[in-house]
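Commentary on secondary and tertiary structure
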Amino acid sequence: MLDFPVKPMLLEKRSRPFDSREYLFEWKVDGIRLLMFYNNKVIRLQSRTGRDCTSAFFELSPEISAREAVLDGEVTVLTNGRPDFEAVMQRYLSSPTRLNKTSWKTPVSYVVWDILWNDGKSTMDLPLIVFGYSKKDGGILVGGDRIQGHAIGMSPDERTVLKELLDQYGKVEGQAVYLPLGIKGRVKFTTWTAKGNMRDCTWVSFET
């Protein structure tokens, strides 16, 4: 497990808004950035500056399949379905005595942005979008923040292109070889499974 506290990656300023296929853009939640250390259902929360904030948001108890994990995200209070910065700051700055009396009025939610650690292994060097090749079964690995499908049906010509890309840019992780963000493909599938995976996933083409 990563040692507490962790120094998080901070925001960087840009002179003007931009759009790029090399980046993913996410909704900005009005709240407080917190890192969550999860170890066998025991939770510890850290602020961006390294402060232990566990007691301020003691009701957070997420369902996590891993035995241990470190998450990076934002804690917020939802008022009429919208993030309420003033409400979450009141929780953050309240004394323990006041928290015990008023926390039920302003329950908090935790929005996860990233996974830094998962069951004994750092995930910080893994690609954000999972696209690559399975050495075990020859399937094309596709998905969002994790592998969600093994696509079949890639033509011989496209497999030649894939091999060239893997040889040049591929990063080996166990039985998989991943490609960097920016190299994308299109697939089709029949439906999502209950676990959020693609059923009957078939390769369509590379995206240019």
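Provided above is the structure to which this section pertains.
It should be emphasised that the depicted structure is a prediction, and the values quoted were computed from it without experimental measurement. (Residues numbered from 1 in each chain as written. Predicted model: local features only at pLDDT ≥ 70, side-chain atom pairs only at ≥ 80, totals over all residues. Heavy atoms only, no water.)

Focus: unusual backbone geometry
It is generally the case that most residues other than glycine have a negative phi and that most peptide bonds are trans. Note that the residue after F4, namely P5, is joined by a cis bond; omega there is -5 degrees. Within the secondary structure layout, P5 lies in the segment before strand 1 (32-39). Positive phi, close to 75 degrees, is recorded for K41, a residue that is not glycine. You can call K41 exposed: its relative accessible area is 70%. The backbone phi angle of D119 is positive, close to 45 degrees, even though this residue is not glycine. You can see D119 is positioned in the loop between strand 5 (108-118) and strand 6 (121-122). (Helix = DSSP H or I, 4+ residues; strand = E, 2+ residues; numbered from the N terminus. Buried < 20%, exposed > 50% of the residue type's maximum accessible area, 1.4 Å probe, protein only.)

Focus: the pattern of salt bridges
Throughout the structure, instances matching the rule amount to nine salt bridges. Its salt-bridge partner being E74, residue K28 comes within 3.9 Å of it at the nearest N-O pair. With K28 in the segment before strand 1 and E74 in strand 3 (residues 68-79), this residue pair connects regions lying 46 residues apart in the sequence. Across the pair E59 and R91 runs a salt bridge whose closest N-O atoms are separated by 2.9 Å. Taken together, the residues span a long stretch of sequence, with E59 in the loop between strand 2 (42-47) and strand 3 and R91 in helix 1 (residues 85-93) at a distance of 32 residues. Via salt bridges that share partners, K121, K171 and E173 belong to a single interconnected network. (Salt bridge = Lys/Arg side-chain N within 4 Å of Asp/Glu carboxyl O.)

Thoughts on the sheet that holds strand 9 (residues 147-151)
An order of 9-8-7-11-10 is seen for the five strands of this open sheet, with the pairing classed as antiparallel. This sheet does not close on itself; its edge strands, each paired only once, are strand 9 and strand 10 (171-173). On average, each strand axis in the sheet is tilted by 30 degrees relative to the strand beside it, whichever way the strands run. By the bridge criterion, three bridges tie strand 10 to strand 11 (residues 176-178) in an arrangement that is antiparallel. Paired with E173 across the strands is A176, a residue of strand 11. Strands strand 7 (132-134), strand 8 (140-143), strand 10 and strand 11 of the sheet are contacted by helix 3 (residues 156-169), whose axis makes an angle of about 100 degrees with strand 7. (Pairing = 2+ DSSP bridges. Axes fitted to C-alpha atoms, helices over the stretch in contact; angles between N-to-C directions. Contact = heavy atoms within 4.5 Å.)

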